[in-house]
Every structure is written in structure tokens, then in C-alpha cells.
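Tertiary structure, described
The residues making up each chain are set out below.
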Amino acid sequence: MDFKLSEREELLRKSIAEFAQREIAPLVEEMEKTGEFPRPLIKKMRDIGLLGLVTSPEYGGNGMGFLARAIAIEEISTVPAAVGIALQVHHMACWPIETWGTDEQKKKYLPRLTNGETLGVCSITEPSGGSDVFGMQTTARDEGDHWVINGRKCFATNSHVSDIMVIVAKTGEDAKGRPAFSAFIVEPSYEGFSLGREENKMGFRGAFSGELVFQDCKVPKENLLGKLGEGLKIGLATVNRVGRPGMASIGVGLCYASLEEASKFARERVLYGKPISNLQAIQFLLADIYALAEAARLLNYRANWMMDQGLPCDTEMTLAKLVATENAFQCARMACDIHGGYSCILEYPVQRYLRDAWVSIPSGGTSQVAKVVLGRHAVKNF
Ligand SMILES: Cc1cc2nc3c(=O)[nH]c(=O)nc-3n(C[C@H](O)[C@H](O)[C@H](O)COP(=O)(O)OP(=O)(O)OC[C@H]3O[C@@H](n4cnc5c(N)ncnc54)[C@H](O)[C@@H]3O)c2cc1C
């Protein structure tokens, strides 16, 4: 067992950390105010290789893989987690296209997703309930030379900044009479597509979360992704293997951001004539934050390493996501405790970490749903 990151991964961490401080930190205040993603950042993210981390060089990516991606998203998310989620969902559009796409689809869409033209969307959730995927109402009808899609998606990250969207819609019934779903690649320029409301969120401010509206939306026949009826398989695999580790990496980033800020504040804040870092109660809080951060990071690196090795890792991904996002919230809460009243003042970032950590918990599937999966695994295996 080797816990040492390679030189390449250490270098990546350093360059992404510098990039995040230089290019993203100055944008955070505006992102918090407007809730809008800073579009010029897309090309800068391309320049440093972030857009193509899980895409092969053949299609313009660098194929560095999932552990590298975890490190990159973690570092970005210590600055603003909003850019972390925008990037991680972008990869949720790239990965299924490369995994299930035809040669034509890969050649047409992947270079556009890696060259900084646009961020990708991967949208499954509908107002009828994100946890209940079988309750999806959006339909796609075969009209001979094209598909006609009707319905409404919600909570789509990057909605208002994307030209390439992977979506899942109902296309009939399977052999057992259960609803069957298929995946499609949709461009917002297609007739019958429009953007709906843009959510005004408490956290991840600066990452778009919006509605996608399909009213007799005409989608070319060749934009079916994978085979007819494979939509649920494609959607769930993308959530499990790309979405959950992406959210876990954001959680890890938030844990360490809380640790850094809390430790710095504790060293600087003087009470009773001494820094509060001398108080054992404060040291215990810092120890708890540190322990939660390390546990989350190790689970996440293991899951992503397994993904890179081609090992089955759905359970490990779910575990990493549950632990990292829940730990992020606890770490931010303790960092706020250490800040006392200053935690309520907007210029101190710990209040943002708390809001972002809270929003990270349902994103990519709620903790309760993760526990349903892990509980079943535990009953069967232990
Ligand atoms: C910031 C943000 C970004 C997002 N980005 C995307 C995106 O890019 N693409 C996308 O498709 N979706 C996205 N989502 C949606 C996200 O996946 C859903 O919010 C999530 O799956 C939960 O669905 P819901 O909000 O409809 O809650 P519901 O499914 O309505 O759940 C309500 C409650 O019921 C509980 N519950 C549900 N089922 C069970 C069960 N079986 N057992 C026990 N309890 C249960 C839940 O845990 C929760 O407490 C995003 C969400 C957020 C907040």
C-alpha cells in the first residue's frame, strides 16, 4: 500500500493551488453578490488543463484521471467551492460521452468541452424528486428522423453557461413493464428548448443551478447517447463514479479550508492576554477538524485511485461522498465556533464554508440515500 502521491500529482496540487489564488480568489466577492459564474474563467481553466482531466488526449483532454481530478477539485474548492461544483459537473458531461458515445459524438462534442468553448451539463433531477429516479417525468418520443422531448429538469449545474447538455428522459417501458429511460445530448439552440428559472442559492454562489425546459424540443436522431433504454444505467453510473467523487473532493477542500482559517484565527485572536490557540478547548476543536478532514481525504483518494485502476468502486465512492460532505459541514461549524461572533461577518470566509458545505450534502444525492446504499452493503457484507 502506497500513500505517497506521485511527483506529477504533487506538482498538479501546487499549480492548481497557485492558479486558484491568482485567478479565482479575486472573483469570489462578485460571485457571492451576483450568484453568476464568471464566464472568462472557462478559458483560463482550459489553459491549466482542468476541463480535460477525465478526457483522453485524442479528444483534447489530458486524461490525468480521477485521483488527479480529486486533487484539482479539492484545491479549487478551498478557494470557492462554487467553481469546484461547476468543474465537477462539467466532467459529468465529458465522461458519459467518452464512455458511451459514438465516434461521431465524441469527435463532435468532446473537443468543444475541452477547448474552453463551454462547460457541460449533466441533468437527471426533476421537480418530481431527485432521489426517486423512476419518478422522472420528462419523455422523449421517437419521431422517425428526430426525437421530441417534453418535460422540465431542475437543479442543473452550469445550466446558464452551457452549450452541451447530457440529459435522461423516459422512452417507454422495459420488458418487465417498468419505465425505460434513455440518455441524450442536447444543445440549447435546438427548437423547443429554453432555460427556466435560475436558483438563488444560499451556497455555491457563482455556480449556476437552473431549470432546463423542453417543449416539443427537437433533438437529432443521432444524439441518443448509448443504446435505447440505457439511460438510467448511464445516468446512475455517471452520478456514482463522477458526481459523487466530485462532491467528495469539494467536501475535502472545504474541510481543509476550515482547518486553515480556524487555525489562523486561533493563533491571531488574543483573549486573556494570550492567543486562543493556547486554550485546550480550542485545540480540541482544531484536532476534531483535522481528524475529520484527513478521514475524508483518505476515503476520497482511495475511491478515486480504485476508479483509475478500473476496480469496482461504487460503494467506496458513496462512502467518500457521504463522509466528506457531512465532515465538511461539521468542520465549518467548528471553524465558525472558533471565530465566535466574527463567524457571522461576511468578510470572514468560514460562514461561506458553512453555507457551501450545507449545499454540498444534497448535491449528487442526499446523505439518507447514501445511507440506504451503504446500509444494504453492510447487511450483505458484514
Ligand atoms: C447545488 C445543487 C446542485 C445540483 N446539481 C445537479 C446537477 O447538476 N444535475 C442533477 O441532475 N441534479 C443536481 N442536483 C440535484 C440533487 O441531485 C438532488 O437535489 C438530490 O438528488 C435530492 O433530490 P431532491 O432535492 O429532489 O430531494 P428529494 O428526493 O425530494 O428528497 C427529500 C428528502 O427525502 C429523503 N429521501 C428520499 N428518498 C429516500 C429514501 N429512499 N430513504 C430515506 N430518505 C429518503 C431525502 O434524503 C431528503 O431528506 C443538485 C442539487 C443541488 C442542491
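Cut-off values and rules
Residues numbered from 1 in each chain as written. Predicted model: local features only at pLDDT ≥ 70, side-chain atom pairs only at ≥ 80, totals over all residues. Heavy atoms only, no water. Helix = DSSP H or I, 4+ residues; strand = E, 2+ residues; numbered from the N terminus. Rg over C-alpha atoms; globule rule 2.2 N^0.38 Å. Buried < 20%, exposed > 50% of the residue type's maximum accessible area, 1.4 Å probe, protein only. Contact = heavy atoms within 4.5 Å. Lys, Arg positive; Asp, Glu negative; His and termini not counted. Charge placed at Lys NZ, Arg CZ, Asp CG, Glu CD. Salt bridge = Lys/Arg side-chain N within 4 Å of Asp/Glu carboxyl O. Axes fitted to C-alpha atoms, helices over the stretch in contact; angles between N-to-C directions. Parallel < 35°, antiparallel > 145°, perpendicular 65-115°, else oblique. Left-handed = near helix turned anticlockwise from the far one by under 90°. Nonpolar A, V, L, I, M, F, W, Y, C, P; charged D, E, K, R; others polar. Domains from an automatic or database assignment. Buried area = accessible area lost by both parts, 1.4 Å probe. Polar contact = N/O pair within 3.5 Å; in protein donor to acceptor, adjacent residues only side chain to side chain. Near = heavy atom within 4 Å. Areas by Shrake-Rupley, 256 points an atom, 1.4 Å probe, with all protein chains shown as cover.

A look at the overall build of the protein
- Of regular secondary structure, the protein possesses 11 helices and 10 strands.
- The C-alpha atoms of the protein give a radius of gyration of 21 Å, which matches the 21 Å a tight globule of 382 residues would have.
- Once the C-alpha set of the protein is aligned to its principal axes, its extents read approximately 80 × 50 × 40 Å.
- The proportion of buried residues among the 382 residues of the protein is 55%.
- Put simply, of all contacts in the protein between residues at least 6 apart along the chain, 74% involve residues at least 24 apart.
- Computing the positive centroid from 43 side-chain charges and the negative centroid from 46, the protein places the two 3 Å apart.

Observations regarding the pattern of salt bridges
- Tallied over the entire structure, the rule returns 22 salt bridges.
- Glu 75 is the salt-bridge partner of Arg 13, the closest N and O atoms lying 2.7 Å from each other. Of this pair, Arg 13 sits in helix α1 (residues 7-24) while Glu 75 sits in helix α4 (residues 66-77), and the two are 62 residues apart along the sequence. Each member of the pair Arg 13 and Glu 75 is classed as buried.
- The partner of Arg 355 in a salt bridge is Glu 32, and the shortest N-O contact between them spans 2.8 Å. Residue Arg 355 is located in helix α10 (residues 350-360), and its partner Glu 32 is located in helix α2 (residues 28-34); the two are separated by 323 residues in the primary sequence.
- Look at Arg 355 and you get buried, because its relative accessible area is 18%.
- Connected via shared salt-bridge partners are Arg 13, Glu 74, Glu 75 and Arg 297.

Considerations on the packing of helix α9 (residues 314-339) against helix α11 (residues 367-381)
- At a minimum axis distance of 10 Å, the contact between α9 and α11 shows a crossing angle of 140°. When the axes of α9 and α11 are compared, the pair comes out oblique. Crossing geometry of α9 relative to α11 is assigned as left-handed. Where α9 approaches α11, its residues Thr 315, Thr 318, Leu 319, Leu 322 and Glu 326 are matched on the opposing element by Ser 367, Ala 370, Lys 371, Val 373, Leu 374 and His 377.
- Looking at the contact of α9 with α11 residue by residue, the class counts come to 5 nonpolar, 4 polar and 2 charged.

A look at the domain arrangement of the protein
- Domains assigned within the protein are domain 1 (7-119), domain 2 (121-228) and domain 3 (233-381).
- When each unit is reduced to the centre of its C-alpha atoms, the spacing between domain 1 and domain 2 is 22 Å.
- Summing both partners gives a buried area of about 2300 Å² for domain 1 against domain 2, and 59% of it is carried by carbon and sulfur.
- Our count for the contact surface shared by domain 1 and domain 2 stands at 2 salt bridges.
- Between Lys 108 and Glu 187 there is a salt bridge whose closest N-O contact spans 3.8 Å.
- For the interface between domain 1 and domain 2, the tally reads 12 residue pairs in polar contact (both at pLDDT 80 or more).

Describing the site of the ligand
- In the region of the ligand, 22 residues are neighbours, and Thr 125, Gly 130, Ser 131, Thr 366 and Gln 368 sit closest.
- The contact in question runs from an oxygen atom of the ligand to an N or O atom on the backbone of Ile 124, over 2.8 Å.
- The side chain of Thr 125 places a nitrogen or oxygen atom 2.6 Å from a nitrogen atom of the ligand.
- Protein chains shield 66% of the accessible area of the ligand, which is 980 Å² for the free molecule.
- Where the shell around the ligand is concerned, the elements lending two or more residues are α5 (81-100), β1 (119-123), β3 (146-157) and α11.
- Ranked by the residues each element gives to the shell around the ligand, the list is headed by α11, at 3 residues.
- Taken together, the residues that form the shell around the ligand break down as 10 nonpolar, 11 polar and 1 charged.
- Split by domain, the residues of the shell around the ligand number at least three in each of domain 2 (121-228) and domain 3 (233-381).

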